[in-house]
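Given next are the chains, with one letter for each unit.
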Amino acid sequence: QVQLVESGGGLVQPGGSLRLSCVASGSAFSVYVMAWYRQAPGAQRELVGVSSSGCMTHYADSVKGRFTITRDNAKNMVDLQMNSLKPEDTAVYYCNARLPNQAFNYWGQGTQVTVSS
């Protein structure tokens, strides 16, 4: 069992930055594939980026070069640094965890990010 708790959302102006954090309970955090997803109003949940158990990262084209995922296995934590934010980045952001080659996903409660002037 893994419990995920996100923090760090809020209101930011276009061009600004925010850092989201996700802390995971449970053991063996380092073996989990950690990801960030987002869901805008009226839209489907979409992948923002992934950090594999080997700390390789992959990003959606829409955020590549602006967002960075970092993980600290010693602290059971994965962060999402978001720079050069745009209004279209407005969404609820969710932390996700799953074991490699497993279908079951763990989700956090989500944190709202609003980019607006």
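Preceding block: the structure.
Residues numbered from 1 in each chain as written. Predicted model: local features only at pLDDT ≥ 70, side-chain atom pairs only at ≥ 80, totals over all residues. Heavy atoms only, no water.

Some thoughts on the overall build of the protein chain
Helices and strands together make up the secondary structure of the protein chain, namely zero helices and eleven strands. What you see in the protein chain, going N to C, is helices and strands ordered as β-β-β-β-β-β-β-β-β-β-β. The C-alpha extent of the protein chain, read off along each of the three principal axes, is 40 × 25 × 25 Å. Within the protein chain, contacts between residues at least 6 apart in sequence are counted, and of these 53% link residues at least 24 apart. Counting every atom, the protein chain has about 6100 Å² of accessible surface; 50% of that belongs to carbon and sulfur. The protein chain carries 9 positive and 7 negative side-chain charges, and their two centres are separated by 3 Å. (Helix = DSSP H or I, 4+ residues; strand = E, 2+ residues; numbered from the N terminus. Contact = heavy atoms within 4.5 Å. Areas by Shrake-Rupley, 256 points an atom, 1.4 Å probe, with all protein chains shown as cover. Lys, Arg positive; Asp, Glu negative; His and termini not counted. Charge placed at Lys NZ, Arg CZ, Asp CG, Glu CD.)

Quick look at the state of the cysteines
Considering all chains together, one arrives at one disulfide under this definition. The side chain of C22 participates in a disulfide bridge whose partner is C95; the two sulfur atoms lie 2.1 Å from each other. Judged by the torsion about the S-S bond (-80°), the C22/C95 disulfide is left-handed. Residue C22 is located in strand β3 (residues 18-24), and its partner C95 is located in strand β9 (residues 91-98); the two are separated by 73 residues in the primary sequence. Accessibility classification places C22 together with C95 in one group, the buried group. (Disulfide = S-S within 2.5 Å. Buried < 20%, exposed > 50% of the residue type's maximum accessible area, 1.4 Å probe, protein only.)

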